[in-house]
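The chain contents come next:
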Amino acid sequence: MSRPLFLHVGVQKTGTTSLQRFLRRSAPALADAVVIRTPEEGTPMRPLGRAAIACSLAPDDDHRATLVAAFETVLDGLPDDDRPVILSHENLAGAMPGNGGETRLFPALPAMLATLVQVAADRGFAPHVVIYTRRMTAWLPSVWAQAVRTDGYALTLPEFRAQTSELPGWGDLLWRLDDALSTVPVTRLRLEDEADADRPGRQLLSLAGVPDARLDALPPLESRAMERLTPGATEFLRRLNGLALNPHARDRVADLVARSQPLFAAHVPSEGTL
């Protein structure tokens, strides 16, 4: 019997950061039932995410080969037993709208996943693709704010909406995934259906076979992660993104802005002295 491999491919801005924090925190308690891999610093999951983004923006032979090599490195590091595996990385979906000039709904994802699931199947795994979604009306503004924060996007929200006005719904992406992956299961999990915001990813863990009683016993998260910046901080970064700054310098400033958001809210008294 093939070993279950759940590929959680995001997408971005569907609560993935909190979900992965919960997975990492819960991994020791669930170690007998499931193997969990998330994009922690210094692990092979980080290069895998970078390779997926690069391949989605330039889906040529070299980038595909780099993606496959990164995926094989992750598989090489898995323990050799029969426990189900969860690989969770939002960037496996590829570039989101606003990143690297992308304005479509993950056009390269079906082809990338078709390659990866074949690699997994050849190694004796039974791949199962999992994708979280969020209502488009909430997802698109969040994607825009994230693109401003991390990807140097410089256009306003109305301009972003105009760029993505032809974006289809999630049903289109799921249809393309089903068509490309043929016999590989594809499961859509809605962020809105997560029953407990302090235990994110319950749907994913349940799909991997973790019983409800064990999920109920897992300690909740104590804080949320990657909250959206305030409007003032986001607008400051958006304008900053229009300047010809060294990317490293821009990222340093973005980090300072994220840690000093009261400075960018006119109605909030300044903290300390300037």
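Just so it is clear, the model here is predicted, and its values are computed rather than measured.

Caption draft 1: Seen up close, helix H11 (residues 247–259). Its 13 residues place the ends of H11 19 Å apart at the C-alpha level, agreeing with the 18 Å of an ideal helix rising 1.5 Å per residue. Looking at H11, one finds that the buried residues are Arg250, Ala254 and Val257. Along the axis of H11, the buried positions cluster into a sector of 60°, meaning they face one direction only. Exposed side chains of H11 directed beyond 90 degrees from the buried face belong to His248, Arg252 and Arg259. In the core, the buried residues of H11 are packed alongside helix H5 (136–150) and helix H10 (231–241). Residue asparagine 246 occupies the N-cap position of H11, its side-chain oxygen lying 2.7 Å from the main-chain nitrogen of histidine 248.

Caption draft 2: Layout of unusual backbone geometry. With omega at 10°, the peptide bond leading from glycine 10 into valine 11 counts as cis. Relative to the helices and strands, valine 11 resides in the loop between strand E1 (3–8) and helix H1 (16–26). Despite not being glycine, lysine 13 has its phi angle at roughly 65°, a positive value. Among the secondary structure elements, lysine 13 is positioned in the loop between E1 and H1. Notably, phenylalanine 106 is not glycine yet its phi reads approximately 50°, a positive angle. By secondary structure assignment, the location of phenylalanine 106 is in the loop between strand E3 (85–88) and helix H4 (109–122). The exposure class of phenylalanine 106 is buried, given its relative accessible area of 1%.

Quick notes on the rules
Residues numbered from 1 in each chain as written. Predicted model: local features only at pLDDT ≥ 70, side-chain atom pairs only at ≥ 80, totals over all residues. Heavy atoms only, no water. Helix = DSSP H or I, 4+ residues; strand = E, 2+ residues; numbered from the N terminus. Expected span 1.5 Å × (residues − 1). Buried < 20%, exposed > 50% of the residue type's maximum accessible area, 1.4 Å probe, protein only. Arc of directions from axis to C-beta. Contact = heavy atoms within 4.5 Å. Polar contact = N/O pair within 3.5 Å; in protein donor to acceptor, adjacent residues only side chain to side chain.

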